[in-house]
Protein chains: 2
Amino acid sequence: MEGEPNMTDSRRSRPAKGPLSKEIIVKTAYELLESEGISGLSMRKIAKVLDTGASSLYVYVKNANELRAYVFDYGLMKVEITNLKNESWKKELFELLHSYFRILFDSPGMSELALMTIPIGPNSLAITEQILHQLNVGGVDAKASAWGVDILLLYAASFAYEQVARKDKGRNCNAVRTSFETLDTVRYPMIVSLKEDMLSGEEERFQWGLDVILQGILHSK
Amino acid sequence: MEGEPNMTDSRRSRPAKGPLSKEIIVKTAYELLESEGISGLSMRKIAKVLDTGASSLYVYVKNANELRAYVFDYGLMKVEITNLKNESWKKELFELLHSYFRILFDSPGMSELALMTIPIGPNSLAITEQILHQLNVGGVDAKASAWGVDILLLYAASFAYEQVARKDKGRNCNAVRTSFETLDTVRYPMIVSLKEDMLSGEEERFQWGLDVILQGILHSK
DNA sequence: TCCAATTAACGAACACTGTACTTTACGAAC
DNA sequence: GTTCGTAAAGTACAGTGTTCGTTAATTGGA
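Residues numbered from 1 in each chain as written. Chains lettered and ligands numbered in written order. Predicted model: local features only at pLDDT ≥ 70, side-chain atom pairs only at ≥ 80, totals over all residues. Heavy atoms only, no water.

Along the backbone of chain A there are 11 helices and zero strands. The order of helices and strands in chain A, counted from the N terminus, is α-α-α-α-α-α-α-α-α-α-α. Taken across its 221 residues, chain A has 47% of its residues classed as buried. Pairs at least 24 apart in sequence give 71% of the contacts found in chain A among residues at least 6 apart. Of the roughly 11200 Å² of accessible surface on chain A, 54% is carried by carbon and sulfur atoms. (Helix = DSSP H or I, 4+ residues; strand = E, 2+ residues; numbered from the N terminus. Buried < 20%, exposed > 50% of the residue type's maximum accessible area, 1.4 Å probe, protein only. Contact = heavy atoms within 4.5 Å. Areas by Shrake-Rupley, 256 points an atom, 1.4 Å probe, with all protein chains shown as cover.)

Rendered as structure tokens:
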């Protein structure tokens, strides 16, 4: 209304507003994900940071799901893919998966994205490729490698997701703990007697699970 | 407006509208989940089936998340928990986890719920208890049982979730398959050479993974 | 029997969400 | 200079969970 006469001025007064692009949209979305979690990843919030409207994003991105996939793969850039020939393949595989886990665990929302997203981005593929390579070096046959990499990644993602949920819900995982405290000893004797172990561990537990799965893959012939 | 004079009549004309309760809300919600998937599980849609408003549900349920947890546990009723002493513990464990997987895989939305929900409902607990029992019979020690049951359930849920996504997205998992077809052979040699194996298998693959994890647990001492 | 107190049910409203459609503005090519 | 393709923007629609204030019904006690 009042700004109509100087509409061109108002546009000229902020020339720093660079043109939109898929890259800066994904980057902005990822920063929002880091600071606000998965709930920060909405078209409107991303657009607001970029000083535009939600509909403008649809020029560069098909829909919100596709954007989420891009954001997830962008976040995987930080995963360290080392390739030191002198180290043992097992140690390198562990470090890769541990790095993957840490990225999913530390950045709020990344573990959700890992589970919702079909991992066909370049960084996802690079991680998969590297794991397949390590398993191949370790003498694992084709089918076991192909199926094993899926289990390993699935384990890291779902474990990260579970740990994140456990980290957020109350301080000392109230929901689960308090329900375990008041359990019927007759109906659930095993759970009651093992409840301490069932709530313990974090990184150590992740490593243990990794070891379990890898041992299983190696004994699967 | 027009119905004002016979408002009491209209209420009396449908006395079959039984009172709300947590049980029928959960039951209705589960039926909606079965027929429409996770998107059918909204407070408004559930309320509409029960011929009421969404806000009425909040008398019996704290929020949508809690309702989802109840619905998930309700769906787990169908999981077959056998306890035949004469069978081997391994076979029974496999059958239990297979039944669990099938429930999550067949009912649309159950696998999503399995991942989002903190499993503290009675049916979840019964399944956990039974798995712990079988592992105990198999001679697995305390910590390995406590941590192993988590991995086994996590595996079944995330595998079901992945397979459901693969089943829905296009007919022959277009997204993944077409991206694998056009892969750079230089950058991703392992993926290209193993792409057939990576997309194969379903039930057989689930069994294989179960075997892998169980072997790993048994060798974890 | 009648009044009081509790509580279930309801409707409207709020603050969001993703996405489609229409209109405006700009930049380059002819 | 005009035209044309397209990026950007605004508006609108149909949803979502949840809260609030009000109404209706039912139950318990005198």
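What follows deals with the nonpolar core. Judged by nonpolar contacts, the single largest core of 141 residues is most densely connected at Tyr 100 and Ile 131 of chain A together with Tyr 100 and Ile 131 of chain B. Residues contacting Tyr 100 of chain B, with those up to four places away along its chain left out, are Phe 72, Leu 76, Val 79, Ala 114, Ile 127, Leu 153, Ala 156 and Ala 157 of chain B. (Core = buried A, V, L, I, M, F, W, Y, C linked by side-chain atoms within 4.5 Å.)

This brings us to the relation of the copies chain A and chain B. Overlaying chain A with chain B gives an RMSD of 0.1 Å, the required rotation being 180 degrees about an axis along which the chain moves by 0.0 Å. One copy is carried onto the other by what is essentially a two-fold rotation axis. In terms of proximity to the rotation axis, the leading residue of chain A is Gly 216 of chain A, whose C-alpha is 2.1 Å off the axis. The residues that chain A uses at the interface reappear at the interface of chain B in 100% of cases, marking a shared surface. (Least-squares fit on C-alpha atoms with pLDDT ≥ 70 in both.)

What follows deals with the side chain of Glu 92 of chain B. Mapped onto the secondary structure, Glu 92 of chain B falls in helix H5 (residues 89–106). Discounting residues that sit within four places of it in the chain, Glu 92 of chain B has contacts with Thr 82, Asn 83, Leu 84, Lys 85, Glu 87, Gln 130 and Gln 134 of chain B.

Attention shifts here to the interface of chain A and chain B. Of the residues lining the interface, 55 residues belong to chain A; the matching set on chain B comes to 55 residues. For the pairing of chain A and chain B, the buried interface totals around 4900 Å² over both sides, and the portion due to carbon and sulfur atoms is 74%. Scanning the region where chain A abuts chain B turns up four salt bridges. Its salt-bridge partner being Asp 150 of chain B, residue Arg 205 of chain A comes within 3.5 Å of it at the nearest N-O pair. (Buried area = accessible area lost by both parts, 1.4 Å probe. Salt bridge = Lys/Arg side-chain N within 4 Å of Asp/Glu carboxyl O.)

The feature "DNA-binding region" (unreviewed entry), as given by UniProt, occupies residues 42–61 of chain A in the numbering adopted here. Within the segment residues 42–61 of chain A, helix and strand shares are 35% and 0% respectively, and the terminal C-alpha atoms sit 13 Å apart. (UniProt positions renumbered as here; feature names shortened; annotations may be inferred.)

Here the focus is the packing of aromatic side chains. Taken as a whole, this structure holds 16 aromatic pairs over all chains when the rule is applied. Aromatic pair Tyr 155 of chain B and Phe 159 of chain B: ring centres 5.5 Å apart, planes at 35 degrees, arrangement tilted. One end of the pair is Tyr 155 of chain B and the other is Phe 159 of chain B, both in helix H8 (residues 142–168) and four residues apart, which spans about a single turn. On the numbers, 5.7 Å between centres and 40 degrees between planes, the contact of Phe 159 of chain B with Phe 206 of chain B is tilted. A residue pair is termed long-range when its members are at least 10 positions apart, and Phe 159 of chain B in helix H8 and Phe 206 of chain B in helix H11 (residues 203–218) qualify at 47 residues. The burial state of Phe 159 of chain B is the same as that of Phe 206 of chain B; both residues are buried. The structure contains a cluster of three or more aromatic residues connected by ring pairs, namely Phe 101, Phe 105, Tyr 155, Phe 159 and Phe 206 of chain A. (Phe/Tyr/Trp six-rings, centres within 6.5 Å; stacked < 30°, edge-to-face > 60°.)

Residue and element names in this part refer to chain B. Two elements in contact, helix H2 (residues 22–36) and helix H4 (residues 64–75), have axes whose closest approach is 9 Å; the angle formed by their N-to-C orientations is 75 degrees. By the criterion of interaxial angle, the relationship of H2 to H4 is roughly perpendicular. From H2, Lys 22, Ile 25, Val 26, Lys 27, Ala 29, Tyr 30 and Leu 33 reach across to H4, where they touch Leu 67, Tyr 70, Val 71, Tyr 74 and Gly 75. Grouping the constituent residues of the contact of H2 with H4 by class yields nine nonpolar, one polar and two charged. (Axes fitted to C-alpha atoms, helices over the stretch in contact; angles between N-to-C directions. Parallel < 35°, antiparallel > 145°, perpendicular 65-115°, else oblique. Nonpolar A, V, L, I, M, F, W, Y, C, P; charged D, E, K, R; others polar.)

To continue, consider helix H8 (residues 142–168) of chain A. Residue and element names in this part refer to chain A. Spanning 27 residues, H8 covers 39 Å between terminal C-alpha atoms, matching the ideal 39 Å at 1.5 Å per step. Among the 27 residues in H8, 22 count as buried, and that is most of the element. Where H8 begins, one side-chain oxygen reaches toward the backbone nitrogen of Lys 143, 3.3 Å away; that side chain belongs to Asp 141. (Expected span 1.5 Å × (residues − 1). Polar contact = N/O pair within 3.5 Å; in protein donor to acceptor, adjacent residues only side chain to side chain.)

All names here are of chain A. This model, assessed by the stated rule, comprises 14 salt bridges over all chains. The salt bridge partner of Glu 36 is Lys 45, with a shortest N-O separation of 3.9 Å. Residue class for Glu 36 comes out partly exposed when judged on its relative accessible area of 42%. With relative accessibility at 37%, the residue Lys 45 sits in the partly exposed group. Note that Arg 102 is salt-bridged to Asp 106, the shortest N-O span being 2.9 Å. Residue Arg 102 and its partner Asp 106 are located together in helix H5 (residues 89–106), separated by four residues, close to a single helical turn. You can call Asp 106 partly exposed: its relative accessible area is 45%. Overlapping salt bridges bring together Arg 102, Asp 106 and Glu 203 as one network.

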